[in-house]
Amino acid sequence: MFPLALTTILLLAFGYLLGHHRSRARCHRLRADLAAARHLAEHDALTGLVNRAGAQRYYEAQAASGVAVAAVLIDLDGFKGVNDTWGHEVGDAQLVAIARRLAEATAAIGAVAGRLAGDEFLLLMPDPDTALVHGQVAAILAQLGAPLTLVAADALLIDLTPRASAGIALPHPDRTWAGLLRRADIALYQAKAVGGHAVLHTSGMQHPRRA
């Protein structure tokens, strides 16, 4: 039989190791829970793309590393008509399909796709080749415009041909997130005026004056 003192020491050591193991397991679970919560906070629940908060965090991380980023705002043309005609379920299915196409297109050029709200999407292009950006965005719009077949709630097949407009803002010396989005939004407004085009923001371009 072990002496009492040795038995006590062994029990204390076993208790410490067991407690340490449980503490590590709790820490792992806590890290996993925090990672999941952060993912939910920075990603769009419907499409899985980054949301506004996630896009801003990505942009600020790139800027902090000295990486210039271009922004492209993309808005679907006639999306309200899809919701009004076929219902929000079909509208959501179209958004998911568009998001999938954007994710594939941006992965091919090293960019990031996000959804800001409704039918408005965002592309962030780190270290863009300014001579190629307009052509790349035009090609992405062409990909988005490929015909889609969606299924309504009553199993009815719906054929759609999406159209989208895009506003492009190239990197700017101010390097601010708000400024980048504002320039892209101004360019998007100009693009929506003609429909189905990509417009590059240029110096002096402004939103029309409101009455």
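All figures in this text were calculated on a predicted structure; none of them were measured in a lab. (Residues numbered from 1 in each chain as written. Predicted model: local features only at pLDDT ≥ 70, side-chain atom pairs only at ≥ 80, totals over all residues. Heavy atoms only, no water.)

A. Structural view of the overall build of the protein. Counting its regular elements, the protein contains six helices and seven strands. Moving toward the C terminus, one meets the helices and strands of the protein in the order α-α-β-α-α-β-β-α-β-β-β-α-β. Going through the 211 residues of the protein one by one, you find that 37% of them count as buried. Taking contacts inside the protein between residues at least 6 apart in sequence as the whole, the part at least 24 apart equals 64%. Total accessible area on the protein is roughly 12400 Å²; 60% of this is exposed by carbon and sulfur atoms. (Helix = DSSP H or I, 4+ residues; strand = E, 2+ residues; numbered from the N terminus. Buried < 20%, exposed > 50% of the residue type's maximum accessible area, 1.4 Å probe, protein only. Contact = heavy atoms within 4.5 Å. Areas by Shrake-Rupley, 256 points an atom, 1.4 Å probe, with all protein chains shown as cover.)

B. Examining the nonpolar core more closely. Among the nonpolar cores identified, the biggest contains 25 residues, and Val72, Ile74, Leu102, Phe121, Val137 and Leu144 are the most heavily contacted of them. Not counting residues up to four positions away in its chain, the partners in contact with phenylalanine 121 are Leu49, Val72, Leu73, Ile74, Leu76, Leu95, Ile98, Ala99, Leu102, Gly114, Arg115 and Leu116. (Core = buried A, V, L, I, M, F, W, Y, C linked by side-chain atoms within 4.5 Å.)

C. Molecular detail of the side chain of threonine 106. Note on placement: threonine 106 falls in helix α4 (residues 88–109). Within the structure, the side chain of threonine 106 is placed 2.8 Å from the backbone oxygen of leucine 102, a separation counted as a polar contact. Those residues within four positions of threonine 106 in sequence are excluded, and the remaining contacts are Ala111, Val112, Ala113 and Leu123. (Polar contact = N/O pair within 3.5 Å; in protein donor to acceptor, adjacent residues only side chain to side chain.)

D. Molecular detail of the pattern of salt bridges. Applying the stated criterion to the full structure yields six salt bridges. Between aspartate 75 and lysine 192 there is a salt bridge, and its shortest N-O distance comes to 2.7 Å. A residue pair is termed long-range when its members are at least 10 positions apart, and aspartate 75 in strand β1 (residues 69–76) and lysine 192 in helix α6 (residues 177–194) qualify at 117 residues. Taking the relative accessible area as the measure of exposure, aspartate 75 reaches 14% and is therefore buried. Judged by relative accessible area, which is 34%, lysine 192 ranks as partly exposed. Aspartate 84 is paired through a salt bridge with lysine 80; the nearest N and O atoms lie 2.7 Å apart. Here lysine 80 and aspartate 84 lie together in helix α3 (residues 79–86), a separation of four residues that amounts to about one turn. Here aspartate 84 falls in the exposed class, since its relative accessible area comes to 56%. Taken together, the salt bridges that share partners define one network made up of Asp75, Asp77 and Lys192. (Salt bridge = Lys/Arg side-chain N within 4 Å of Asp/Glu carboxyl O.)

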